[in-house]
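If you want the building blocks of each chain, they are given just below.
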Amino acid sequence: MYKHIVSFFIVLLLALSSNARGQNYTVVISMDGFRWDYPQWYETPFIDYVASVGVESALIPSFPSKTFPNHYTLATGLYPDHHGIVANKFYDPSTGTFFSLSNMKSKYNPDYYGGEPIWLTAQKNGIKTAVFYWPGSDVGVKGQHPWFFLKYDEKPRWSFRKRVDGIVEMLNRPLSDRPRLIMAYFEQPDAYGHNSGPQSKTTRRAVEEMDALMRDLYIGIKSTHVGDSVNFIMLSDHGMTSLSPDRIIDIKKMLKPQWYEAVEGNVPANIYVKENCVDSVYECLKNVAHIRVWKKKDIPPYLHYGSNERVGEVVACPDLGWVFGNELEEWATHGFDPYYSDMHALFRAVGPDFRHVAMPHFPNVCVYPLLCRLLGIAPSENDGTPEPMEQMLNERARKRGGE
């Protein structure tokens, strides 16, 4: 009996001393394709509750506003042009190979992945991390993985409910076996948005189901003995916008096959041009309605795109709601210029380090340095800025440096 009492107080003192050093826990949830304004359209009582007590904002995705590039940006704080995952599919001229999510050899090749993901930054500072399916977390970047991770392409894939239970179980582990950073990826409501559009009954149901799932997760987190020491963040990679069969542009029909090696992507398109054909491709497309087209060197600076060798020599980006192709394959998509508000993504946060504030939308490259600040560690080189975290963090957290 005496031993049990002593053990209890040792655990309690360890927990209190850890918290006194500012070592709270952080749980980050990504809900793919969750538009920033879904809570304005649909019933999301839990997300609304977090906004009422914590941080209410939205993320401006990086270009292109696609899933894989942006999740890796969230993890590294680098624009896709700087970390190297410049699209969901692209050509790498240095190796003469294509990267594709459907090609397991390329997807799991760490040579494609630059920068330092937050789980590696944390672990080199002695912090355990657990990552549930976050894109890129199952790749051996720099020869390392998170302390706990799941391989996305291994079946059966964990259900949403099992992921929730797994997160709570991690926080209930003994101190020596408990990660301080937990990240989890959920595929919805992206798929329903693609299949039926952002304003549809099925997407409404998916959004409201995700809200209920996040409520259950938060209740589970709060039920753990470290619940009051957990910073809880919900975010997304990009938004979603509707398409129409009368807004399709078949750029391949306009281009002569002898001008290019490959055209990759429907929003945007990276055009890998044959030698001495850049001007031919550019001149062919520059006056086509509903397209903005740039030579690689002339891509607008605000897009932070074009310095990487994996970007096509010519990049074409359709206007919002237009796509490249020869037929409509889905009812909605993303990938467009990030400054269209349709592309903006959810951001909510609550916990011991956050203030209650509604703040302007901010670039998603700022998430990585925010996580480093919450963990009290120095970030690796990144493209983020400190302004957003200065607005959302309370005084105690703002004073906590990364050194």
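The preceding data block contains the structure.
Report follows, based on the coordinates. (Residues numbered from 1 in each chain as written. Predicted model: local features only at pLDDT ≥ 70, side-chain atom pairs only at ≥ 80, totals over all residues. Heavy atoms only, no water.)

### Description of the pairing of strand E11 (residues 260–264)
With four of five residues buried, E11 lies mostly within the body of the structure. Two elements, E11 and strand E12 (residues 269–273), share four bridges in a ladder whose sense is antiparallel. Residue pairing in the sheet places alanine 262 in a bridge with tyrosine 272 of E12. Here E11 folds back onto E12, and the loop between the two strands holds four residues, one of which, glycine 265, carries a positive phi near 105°. (Buried < 20%, exposed > 50% of the residue type's maximum accessible area, 1.4 Å probe, protein only. Helix = DSSP H or I, 4+ residues; strand = E, 2+ residues; numbered from the N terminus. Pairing = 2+ DSSP bridges.)

### A word on the nonpolar core
Ranked by size, the top nonpolar core spans 60 residues in total, and within it Ile233, Phe347 and Met392 carry the most contacts. No other element matches the seven residues that helix H13 (residues 367–375) contributes to this core. Excluding residues within four positions of it along the chain, methionine 392 makes contact with Val55, Phe347, Asp353, Phe354, Arg355, Val357, Met359, Phe362 and Leu370. Core analysis: the next-biggest nonpolar cluster, separate from the first, contains 39 residues, Ile29, Val50, Val230 and Leu346 among them. (Core = buried A, V, L, I, M, F, W, Y, C linked by side-chain atoms within 4.5 Å. Contact = heavy atoms within 4.5 Å.)

### Quick word on the pattern of salt bridges
This model, assessed by the stated rule, comprises 22 salt bridges. A salt bridge links aspartate 353 to arginine 396; the nearest nitrogen and oxygen atoms lie 3.8 Å apart. Taken together, the residues aspartate 353 in the loop between strand E17 (345–350) and strand E18 (357–358) and arginine 396 in helix H15 (residues 395–399) connect sequence positions 43 residues apart. Aspartate 353 sits in the buried class, given a relative accessible area of 0%. Salt bridges sharing common partners tie together Arg35, Asp37 and Asp342. (Salt bridge = Lys/Arg side-chain N within 4 Å of Asp/Glu carboxyl O.)

### Comments concerning helix H8 (residues 160–171)
A rise of 1.5 Å per residue sets the reference length of H8, with its twelve residues, at 16 Å; its end C-alpha atoms lie 17 Å apart and thus fit the reference within 8%. Where H8 is concerned, the buried positions are Arg163, Val164, Gly166, Ile167, Val168, Met170 and Leu171. For H8, the elements touching its buried residues are strand E1 (25–31), strand E5 (129–132), strand E6 (148–149), strand E7 (181–186), helix H10 (201–223) and strand E8 (230–235). (Expected span 1.5 Å × (residues − 1).)

### With respect to helix H3 (residues 45–53)
Taken as a whole, H3 has its buried residues at Phe46, Ile47, Val50 and Ala51. All buried residues of H3 lie within an arc of 145° about the axis, which places them on one face of the element. The inward-facing, buried residues of H3 contact E1, helix H2 (38–41), strand E2 (55–60), H10, E8 and E17. (Arc of directions from axis to C-beta.)

### Some remarks on the sheet that holds E11
Neighbouring strands of a sheet are bound in pairs by backbone hydrogen bonds; such pairs are parallel or else antiparallel. Across the sheet, four strands lie side by side as E11-E12-E14-E13; this open sheet has antiparallel pairing. Of all strands in the sheet, those bounded by a partner on one side alone are E11 and strand E13 (291–295). Neighbour to neighbour, the strand axes of the sheet diverge by 15° on average, direction disregarded. Set on the sheet, helix H12 (residues 278–285) makes contact with E12, E13 and strand E14 (314–318); between it and E13 the angle comes to about 160°. (Axes fitted to C-alpha atoms, helices over the stretch in contact; angles between N-to-C directions.)

### Some remarks on the packing of H8 against H10
With their axes 9 Å apart at the nearest point, H8 and H10 run at an angle of 20° to one another. One way to sum up the angle between H8 and H10 is to call them roughly parallel. Here the hand of the crossing between H8 and H10 comes out right-handed. Where H8 abuts H10, its residues Phe160, Arg161, Val164, Ile167, Val168 and Leu171 lie against Met210, Leu213, Asp216, Leu217, Gly220 and Ile221. Residues belonging to the contact of H8 with H10 are distributed by class as follows: nine nonpolar, one polar and two charged. (Parallel < 35°, antiparallel > 145°, perpendicular 65-115°, else oblique. Left-handed = near helix turned anticlockwise from the far one by under 90°. Nonpolar A, V, L, I, M, F, W, Y, C, P; charged D, E, K, R; others polar.)

### What to know about the layout of surface pockets
Its volume calculated, the largest pocket comes out at about 420 Å³. If you go around the largest pocket, you meet 21 residues; those closest to its centre are Gly265, Asn266, Phe324, Gly325 and Glu329. Looking at the lining of the largest pocket, the elements that each hand over two or more residues are helix H11 (251–254) and strand E15 (323–324). Residues that form the lining of the largest pocket fall into these classes: seven nonpolar, eight polar and six charged. In this structure, the second largest pocket occupies an estimated 340 Å³ of space. If you list the elements that add at least two residues to the lining of the second largest pocket, you get helix H4 (67–76) and helix H9 (190–196). (1 Å grid on protein atoms, 1.4 Å probe; cavity = no way out; pocket = protein on both sides within 12 Å on 5 of 7 lines; lining within 4 Å. Points joined across faces, edges and corners; volume = space filled by probe spheres on them.)

### Quick word on the packing of aromatic side chains
With the rule as written, the count across this model stands at 26 aromatic pairs. When the ring of phenylalanine 160 is compared with that of phenylalanine 186, the centres are 5.1 Å apart and the planes differ by 80°; the resulting orientation is edge-to-face. Note that phenylalanine 160 is positioned in helix H8 and phenylalanine 186 in strand E7, a separation of 26 residues in sequence. Residue phenylalanine 186 is classed as buried on the basis of its relative accessible area of 0%. Linked through ring pairs, Phe68, Tyr72, Phe90, Phe99, Tyr112 and Tyr113 together constitute an aromatic cluster. Seen from the ring of tyrosine 108, lysine 151 lies directly overhead, with NZ or CZ sitting 4.5 Å from the centre. (Phe/Tyr/Trp six-rings, centres within 6.5 Å; stacked < 30°, edge-to-face > 60°. Lys NZ or Arg CZ within 6 Å of the ring centre and 35° of its normal.)

### Considerations on the environment of histidine 334
For histidine 334, the location among the structural elements is in the loop between strand E16 (332–333) and E17. Measuring from C-alpha to C-alpha, the distance between histidine 334 and histidine 238 comes to 7.2 Å, with 96 residues separating the pair along the chain. Sequence-distant contacts of histidine 334, that is, excluding residues within four places in its chain, are made with Ser65, Lys66, Thr67, Asp190, His194, His238, Gly239, Met240, Val267 and Met343. Of note is the side chain of histidine 334, whose polar atom sits 3.5 Å from the side chain of aspartate 190. At 3.3 Å, the side chain of histidine 334 and the side chain of histidine 238 are in polar contact. (Polar contact = N/O pair within 3.5 Å; in protein donor to acceptor, adjacent residues only side chain to side chain.)

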